[in-house]
There are 2 protein chains.
Amino acid sequence: MLRSHTCGELNESNIGEKVSLCGWVQNHRDLGAMCFIDLRDRHGITQLSFNELSASSLLEVSKNVGREYVLRATGKVIERSSKNEQISTGGIEIQVEDLEVLNQSSTPPFTIEDETDGGDELRMKYRYLDLRRPKLQKNMFLRHRTSQAIRNFLSKENFLEIETPYLIKSTPEGARDFVVPSRMNTDQFYALPQSPQTFKQLLMVSGFDKYFQIVRCFRDEDLRADRQPEFTQIDCEMSFVQQKDICQTFELLAKAVFKETINIDLPAFETMTYEEAINLYGNDKPDTRFEMQIKHLDKFAKGHGFQVFDGAEKVLGIVAKGASNYTRKKLDALSNFVKRPQIGAKGLVYCKYNEDGSFKSSIDKFFDAQVWQNLAENCDAHAGDLILILSGTENQVLKQMSELRLEMGRQLNLIDNKIFKPLWVTDFPLLEWDEENQRFHAMHHPFTSPKTEDFDKLSSQPKQVKANAYDMVINGVEVGGGSIRIHDRATQEKMLSLLGFSDKEAKEQFGFLMDAFEYGAPPHGGIALGFDRLCSLLAGEDNIRDVIAFPKNNQGRDLMIDAPSEIDPYQKRELGLIN
Amino acid sequence: MLRSHTCGELNESNIGEKVSLCGWVQNHRDLGAMCFIDLRDRHGITQLSFNELSASSLLEVSKNVGREYVLRATGKVIERSSKNEQISTGGIEIQVEDLEVLNQSSTPPFTIEDETDGGDELRMKYRYLDLRRPKLQKNMFLRHRTSQAIRNFLSKENFLEIETPYLIKSTPEGARDFVVPSRMNTDQFYALPQSPQTFKQLLMVSGFDKYFQIVRCFRDEDLRADRQPEFTQIDCEMSFVQQKDICQTFELLAKAVFKETINIDLPAFETMTYEEAINLYGNDKPDTRFEMQIKHLDKFAKGHGFQVFDGAEKVLGIVAKGASNYTRKKLDALSNFVKRPQIGAKGLVYCKYNEDGSFKSSIDKFFDAQVWQNLAENCDAHAGDLILILSGTENQVLKQMSELRLEMGRQLNLIDNKIFKPLWVTDFPLLEWDEENQRFHAMHHPFTSPKTEDFDKLSSQPKQVKANAYDMVINGVEVGGGSIRIHDRATQEKMLSLLGFSDKEAKEQFGFLMDAFEYGAPPHGGIALGFDRLCSLLAGEDNIRDVIAFPKNNQGRDLMIDAPSEIDPYQKRELGLIN
């Protein structure tokens, strides 16, 4: 090794030892007759000292190194005259006796610090420099420890990590596949997996009992802040289980991971049905770190001559505790917030329940104090609170109210970033109706089992059928989801037919799975957790890019290596893509 | 859980307990008034017993289950009258009180046993049944434990597992890339990585110090028995190291893995130069479990009037100890062996050094006893031995001799499958000359550093330049290889130019890497081990397919899911592949 120690390792106990360190120049202080260099590596920073007396020739060299130069320094560990209590190596320095410049460095295009001056694009182009920033170094380390914690937990629980193929078969269900032309099989394509779903089910048919894999998955979607064309999934499956067994196992996993990586004791997971989540929070991944549940106000808000409410399918409200002092300006801003195209409300009705017991609302013309009094009593509002009301079609107003609730949580500082509130959302509908294409989609995926008690409704009232499906939600983030699977041919055929597959299509695309169900398929179920999202949650990052070493931008491009790119016509010809 | 225990868990200490087991019917013995079922899961086999007295209705059910049916049985653990000492559960059985048929099974298309009657194609089509065979169950379990052992070792050594992208950029160097058309960037393609080589080097530039990843890699090659289009690599890189540091670290890794997975104490690794390996064994991955080194016989075999030798570039021999009694038939078979097109020798010369001290050779016309005596003395042959000689051009005859040596090792039972002989092969040439295309190829890859002392020869005598490259070889299997890398722009440019890259091509394809070298790149090096091959070595399998859950056949097809396959014209249009 070119070094005897890392830059984070030496302290007073090493005084007198002769050591060699390697690292990057973080800082350089030239004091004339002396020079100090802070030498950095991933493990820490150690001060190198040079002076005229000990080594005058080195002093000259040391004065000429620049930031991010790579050095190898050999010398004696000595006590520092002015100690730095902030870092573990702050009590010592190296009196350098030999210095080798291992590599030089041009001036980096942006400052390599947490608060950098580099824009997104620039930092993605020079990602290898961006990754030197302490924040990203910490995130990669956290990601490593997270995967280790997951693997150790699951291995101890007798799960086997089994690798499934990346070159599989394209299926039109779900998001778009990335495809891979086959040179050896002209005009045929592999697809990259959106998830190893069918393979993990086949592993249950094979009798592997408990499977997991931390695995890359691919979706050719138009990208958003929290999506990447390739992402990593913690993929799991178990045999001979019911929903509660899976939830129990993965609640323990989550607890172990949070404890081991960021020393957080997760509280017991709440359970909430899909219906409750939608009704109380307006979405299926509620942030339960704060209350402010949605109130259903039809009964109290309709019939008072206000056409907007009277004509609406649904009137919903939230009560912002202690916010009756909201200014006109703030209320206007809130109104603009809900009218933004991403949210799409027509307008916002507010009512201040003043400290003195009076009411002041934006619809005083229609609602007198008595109406408000009754409404307030029924939605647990008190003097000093602010009531915010939206109306419209059920689906839309629930979504809008969900956004407004989160915004109010932020504005009133109700969201504590230090706490974690995990829950299971259960009892999802099996199917969702696609109005545009007049067909059903599987809410989870086509392999999810309907609840036994709803089996009879599959033909008669498919919209009413609930699924044995569950999502793990933490702080409003859908960390993952899973389901108990169908494990017999008849039900799988029925399900695919409900989803609009012809018999031929069903057989062509999933025949192998339905065949497998005929050879002793055990009851089974599983879950898939988003590893990138879990890591960003642990790291306290909003964007998953900050926990991915080499992410792509919103156009799916890797700006550093400049991919995708054109390929050689010869390559295309060989693949049969051109003649 | 549908079960209280697995089928491998219960023994005499559980007698009297009420338990529930789930599993597959391995065996079924109907004795009229009684019936026994062996219930199997991945953990073991437990006997279920049914009789008229305890539960006559169940007896009827139990008589009608078939092989591979999935059952859930509840009952009491009782002592078995005739115990089976072979298995840990052999002392008990379950007196079944409740039986549920969880799923039926059709008759499998082949017997699910280690010695199966299913052909390769059939078993690949029904891979989920093939995977039920004990051998494959064991292999998957071993593979899981191997990856855990590797990850635990490297994590303890402060390596970070960092995931690199799968959608990268196509480069013409090396094998063929699989490419992925980009929908969002018309007429552009991603490539699937043949290895994360450049990314791991960039991670060193980022200061991650020690990186690893167990990662899928892809090569679009015509397939052989030990190749798959997708394969798994243990990919590693370290900063501030020299060759010996890497060899030391990964020797310790190999030892830890062999110990933890198959309880083998690997001996200390030998080191052998590439030149020695070629000269003594005829190839760069010698199986050193047996001696029989190649003898260079030019001096003793030429000049005796035998034109075949006299006109050959090289005459090589091996001495098969104690094989002078080889029959004519066996010798003819050997001669045919070396003349097979895969080996391509023109003929084989043998000489029996009989027990009585006389010589009998296939070229007695040209060589008398004295010539043989001299030759025998100089190649350490003794009475009772068989000398086998091949001649031809150096490259060819070395390869042929290597094959003949291995064949003789097998015929004479010199290869002990219980022992493991690891070694490092070092000092590879940096470049190899491609006669056909009149250009150099990188022997390892274009990022490998030449040895410092050979730097001057890069321009003048490039063929003479040795690389800081090393292979890990165990029992004749190349487990992996690595090198110290180039870490400065000038050397990398020089290397790419030697390999025939124009400046423009070099910049387009590897500009990002050479740019990175300008911002403080540390000296670094690494290694990549073939995970599939390592697992097959540990499992004692010849073919890596037997340690891969869902392998592809020799045409790169997955016979089970039938991939690759045609895709929808709509999909192709969206990707810009057709108009």
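Bear in mind the structure is a predicted one, so any value in this text is a computation, not a measurement.

Visitor: Teacher, can you tell me more about the packing of aromatic side chains here?
Guide: The geometry of two aromatic rings is summed up by the distance between their centres and the angle between their planes. Within this structure, the stated rule accounts for 42 aromatic pairs over all chains. Taking the centre distance of 5.0 Å and the plane angle of 65° together, the rings of Phe550 of chain A and Phe199 of chain B count as edge-to-face. Within this pair, whereas Phe550 of chain A is found in the loop between helix 16 (531-539) and helix 17 (569-574), its partner Phe199 of chain B is found in helix 5 (residues 197-205), the two belonging to separate chains. The same class applies to Phe550 of chain A as to Phe199 of chain B, namely buried. Here Phe258 of chain B and Phe420 of chain B contribute two aromatic rings whose centre-to-centre distance is 5.0 Å and whose plane-to-plane angle is 70°, an arrangement assigned as edge-to-face. Of this pair, Phe258 of chain B sits in helix 6 (residues 243-262) while Phe420 of chain B sits in the loop between helix 12 (394-411) and strand 17 (422-426), and the two are 162 residues apart along the sequence. For the pair Phe258 of chain B and Phe420 of chain B, one class covers both residues: buried. Each residue in the set Phe306, Phe309, Phe366, Phe367 and Trp372 of chain A is aromatic and connected to the rest through ring pairs, giving one cluster. The cationic tip of Lys330 of chain A hangs over the ring face of Tyr326 of chain A; the distance from NZ or CZ to the ring centre is 4.5 Å.

Visitor: So what exactly am I meant to see when it comes to the domain arrangement of chain A here?
Guide: In many analyses, interface size is given as the accessible surface area lost on bringing the parts together. Examined at the domain level, chain A breaks down into domain 1 (12-103), domain 2 (137-272 + 422-547) and domain 3 (290-411). Spacing between the C-alpha centres of domain 2 of chain A and domain 3 of chain A amounts to 38 Å.

Visitor: What is the right way to read the packing of helix 6 of chain B against helix 16 (residues 531-539) of chain B from this model?
Guide: Helix packing for two helices is described by the angle between their axes and how far apart those axes are. Residue and element names in this part refer to chain B. At a closest axis distance of 11 Å, the pairing of helix 6 and helix 16 adopts a crossing angle of 45°. Between helix 6 and helix 16, the angle falls in the class oblique. Crossing handedness for the pair helix 6 and helix 16: right-handed. Two secondary-structure elements touch here, helix 6 through Val257, Phe258, Thr261 and Ile262 and helix 16 through Leu534, Leu537 and Leu538. Looking at side-chain class alone, the contact of helix 6 with helix 16 contains six nonpolar, one polar and no charged residues.

Visitor: Sorry, what's going on with the interface of chain A and chain B here?
Guide: Of the residues lining the interface, 122 residues belong to chain A; the matching set on chain B comes to 122 residues. Taking both partners together, chain A and chain B bury about 10,600 Å²; carbon and sulfur atoms supply 56% of that area. For chain A, the biggest contributors to the area lost against chain B are Glu163, Phe240 and Tyr519 of chain A; these three give 8% of the whole. Counting across the chain A and chain B interface gives 16 salt bridges. Here Asp209 of chain A makes a salt bridge to Arg3 of chain B, at a shortest N to O gap of 2.6 Å. At the junction of chain A and chain B, the tally comes to 76 residue pairs in polar contact (both at pLDDT 80 or more). Each residue belonging to the side of chain A that touches chain B can be placed in one class, and the counts come to 59 nonpolar, 31 polar and 32 charged.

Visitor: Explain the environment of Gln26 of chain A to me, please; I cannot follow it from the model alone.
Guide: Residues and elements named next belong to chain A. Within the secondary structure layout, Gln26 lies in strand 1 (residues 18-30). Look at Gln26 and you get buried, because its relative accessible area is 17%. Separated by 86 residues in the primary sequence, Gln26 and Ile112 place their C-alpha atoms 9.4 Å from one another. With sequence-adjacent residues up to four places away left out, Gln26 is seen in contact with Asp38, Arg40, Ile45 and Arg67. A polar atom in the side chain of Gln26 sits 2.6 Å from the side chain of Arg40.

Visitor: Could you clarify how one ought to interpret helix 11 (residues 369-378) of chain B in this entry?
Guide: Owing to its 3.6 residues per turn, the α-helix aligns residues three or four sequence positions apart on the same side. Residues and elements named next belong to chain B. All buried positions along helix 11 are accounted for by Val371, Trp372, Leu375 and Ala376. For helix 11, the angular spread of buried residues about the axis comes to 130°, placing them on one side. The exposed set on the far side of helix 11, more than 90 degrees from its buried face, consists of Gln370 and Glu377. Here the buried face of helix 11 lies against helix 8 (298-301), strand 14 (349-353), strand 15 (359-361) and strand 16 (386-392). Where helix 11 starts, the residue carrying a side-chain oxygen 3.1 Å from the main-chain nitrogen of Gln370 turns out to be Asp368. One or two steps after helix 11, the chain reaches Asp380, where phi turns positive at roughly 60°.

Visitor: Whenever I open this one, the pairing of strand 17 of chain B confuses me. Can you help?
Guide: The two faces of a sheet get side chains in turn, since along a regular strand they alternate between them. All names here are of chain B. Counting buried residues along strand 17, five of its five residues qualify, which places the element largely inside the surrounding structure. The alternating pattern of strand 17 places Pro422, Trp424 and Thr426 and Leu423 and Val425 on opposite faces, both of which are buried. As paired elements, strand 11 (residues 270-273) and strand 17 share four bridges and run parallel to each other. Among the inter-strand pairings, Glu270 is bridged to a residue of strand 17, identified as Leu423. Looking at chain direction, strand 17 and strand 20 (residues 469-474) are connected through five bridges and run antiparallel. Paired with Pro422 across the strands is Ile474, a residue of strand 20.

Criteria and thresholds
- Residues numbered from 1 in each chain as written.
- Chains lettered and ligands numbered in written order.
- Predicted model: local features only at pLDDT ≥ 70, side-chain atom pairs only at ≥ 80, totals over all residues.
- Heavy atoms only, no water.
- Phe/Tyr/Trp six-rings, centres within 6.5 Å; stacked < 30°, edge-to-face > 60°.
- Helix = DSSP H or I, 4+ residues; strand = E, 2+ residues; numbered from the N terminus.
- Buried < 20%, exposed > 50% of the residue type's maximum accessible area, 1.4 Å probe, protein only.
- Lys NZ or Arg CZ within 6 Å of the ring centre and 35° of its normal.
- Domains from an automatic or database assignment.
- Axes fitted to C-alpha atoms, helices over the stretch in contact; angles between N-to-C directions.
- Parallel < 35°, antiparallel > 145°, perpendicular 65-115°, else oblique.
- Left-handed = near helix turned anticlockwise from the far one by under 90°.
- Contact = heavy atoms within 4.5 Å.
- Nonpolar A, V, L, I, M, F, W, Y, C, P; charged D, E, K, R; others polar.
- Buried area = accessible area lost by both parts, 1.4 Å probe.
- Salt bridge = Lys/Arg side-chain N within 4 Å of Asp/Glu carboxyl O.
- Polar contact = N/O pair within 3.5 Å; in protein donor to acceptor, adjacent residues only side chain to side chain.
- Arc of directions from axis to C-beta.
- Pairing = 2+ DSSP bridges.

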